[in-house]
Amino acid sequence: MLELSLHILDIAENSTRSGARTILVEIKEDPLANLLTLKISDDGAGMAEDTLKRVADPFFTTKTVRKVGLGLPLLKQAAEAAGGGMSVSSEMGKGTTVAASFMLDHLDRQPLGDMAQTMVTLVAGSPETNFIYRHLGNGGQYVIDTGEIKKELGNIPINNAQVLGLIRSDIEEGLREIGAIG
């Protein structure tokens, strides 16, 4: 994966498969601390202790369709290559949180990528899940909550093409307003 947004997409899709009803994606840019952090939290099934101990092992996966699980090991590698690290916490029946940090100005830090497209892809593919995206940067904050959007939409599905276009535009505008990195 060449962009952090693709790591986020992979982790959030795993969250939907674990039965999460709400997924929080948080990104924080802190130029003064030279730090970019991302956190994906869910209220899904969680992981057993033995699984949690092996999440960074590329030759371990709980999926039956393949013998390797590269998502979290690749995120860990990307974080460490950029002077940061990764942590995973989980509790059975309560959910999982994946956090990663990167030196903001590190030459080897992957670009954030297209977060608007990432979030639209998640909403389109899992319309029953509530996604909250919070991005803090340059003293500003942008937040979008699909649970709130669903309340306003009434009977219109959130994965309606026009609604997805509006969500994408809102995220792009919000990130521009706070001067978020791309």
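Residues numbered from 1 in each chain as written. Predicted model: local features only at pLDDT ≥ 70, side-chain atom pairs only at ≥ 80, totals over all residues. Heavy atoms only, no water.

Peer 1: Honestly, the overall build of the protein chain in this entry has me stumped. Any pointers?
Peer 2: In terms of regular secondary structure, the protein chain is built from 6 helices and 6 strands. Beginning at the N terminus, the succession of helices and strands in the protein chain can be written as α-β-β-α-α-β-β-α-β-β-α-α. For 182 residues, the compact-globule estimate of 2.2 N^0.38 gives 16 Å, and the C-alpha radius of gyration of the protein chain, at 16 Å, lies within 12% of that figure. C-alpha extents for the protein chain along the principal axes are approximately 45 × 40 × 25 Å. For the protein chain, the proportion of contacts with a sequence separation of at least 24, taken over those separated by at least 6, is 61%. (Helix = DSSP H or I, 4+ residues; strand = E, 2+ residues; numbered from the N terminus. Rg over C-alpha atoms; globule rule 2.2 N^0.38 Å. Contact = heavy atoms within 4.5 Å.)

Peer 1: Where do I start with the packing of helix α4 (residues 115–125) against helix α6 (residues 161–177) in this structure?
Peer 2: Geometry of a packed helix pair, given as the angle between the helix axes and the separation of the axes. With their axes 9 Å apart at the nearest point, α4 and α6 run at an angle of 150° to one another. Taken together, the axis directions place α4 and α6 in an arrangement best described as roughly antiparallel. Crossing of α4 against α6: the hand is right-handed. Here Met115, Ala116, Gln117, Met119, Val120, Val123 and Ala124 of α4 come into contact with α6, specifically with Leu164, Ile167, Arg168, Ile171, Glu172 and Leu175. Of the residues contributing to the contact of α4 with α6, the split by class is 10 nonpolar, 1 polar and 2 charged. (Axes fitted to C-alpha atoms, helices over the stretch in contact; angles between N-to-C directions. Parallel < 35°, antiparallel > 145°, perpendicular 65-115°, else oblique. Left-handed = near helix turned anticlockwise from the far one by under 90°. Nonpolar A, V, L, I, M, F, W, Y, C, P; charged D, E, K, R; others polar.)

Peer 1: Can you walk me through the sheet that holds strand β4 (residues 95–103) in this structure?
Peer 2: In a beta sheet, neighbouring strands pair by backbone hydrogen bonds and run either parallel or antiparallel. With mixed pairing, the 6 strands of this open sheet are ordered in space as β3-β4-β2-β1-β5-β6. Every interior strand has two partners, whereas the edge strands, β3 (85–91) and β6 (140–145), have only one. When strand polarity is set aside, the average angle formed by the axes of neighbouring strands in this sheet is 10°. Of the strand pairs in this sheet, strand β2 (residues 35–42) and β4 are connected by 7 bridges, and their pairing is antiparallel. In the sheet register, Ile40 faces β4, and the bridge partner there is Val98. (Pairing = 2+ DSSP bridges.)

Peer 1: I'm lost on the pattern of salt bridges in this one. Help?
Peer 2: When the charged atoms of two side chains lie near each other, side chains of opposite charge can form a pair. If you walk through the whole model with that rule in mind, you get 7 salt bridges. Between Lys76 and Glu80 there is a salt bridge; the shortest N-O distance is 3.6 Å. Of the two residues, Lys76 and Glu80 both sit in helix α3 (residues 71–81), 4 residues apart, roughly one turn of that helix. Its relative accessible area of 30% is what places Lys76 among the partly exposed residues. Among the ionic pairs, Lys151 bridges to Glu148, the shortest N-O distance being 3.5 Å. Taken together, the positions of Lys151 and Glu148, both in helix α5 (residues 146–153) and 3 residues apart, correspond to about one turn of that helix. For Lys151, a relative accessible area of 63% puts it in the exposed group. Overall, Glu148 belongs to the partly exposed group, its relative accessible area being 43%. When salt bridges with common partners are traced through the structure, they connect Glu26, Lys39 and Arg134 into a single cluster. (Salt bridge = Lys/Arg side-chain N within 4 Å of Asp/Glu carboxyl O. Buried < 20%, exposed > 50% of the residue type's maximum accessible area, 1.4 Å probe, protein only.)

Peer 1: Just checking my understanding: could you explain the environment of Asp10 for this structure?
Peer 2: Along the chain, Asp10 turns up in helix α1 (residues 4–17). For Asp10 and Leu122, which are 112 residues apart along the polypeptide, the C-alpha to C-alpha distance reads 9.7 Å. Not counting chain neighbours up to four residues away, the residues in contact with Asp10 comprise Met1 and Gly71.

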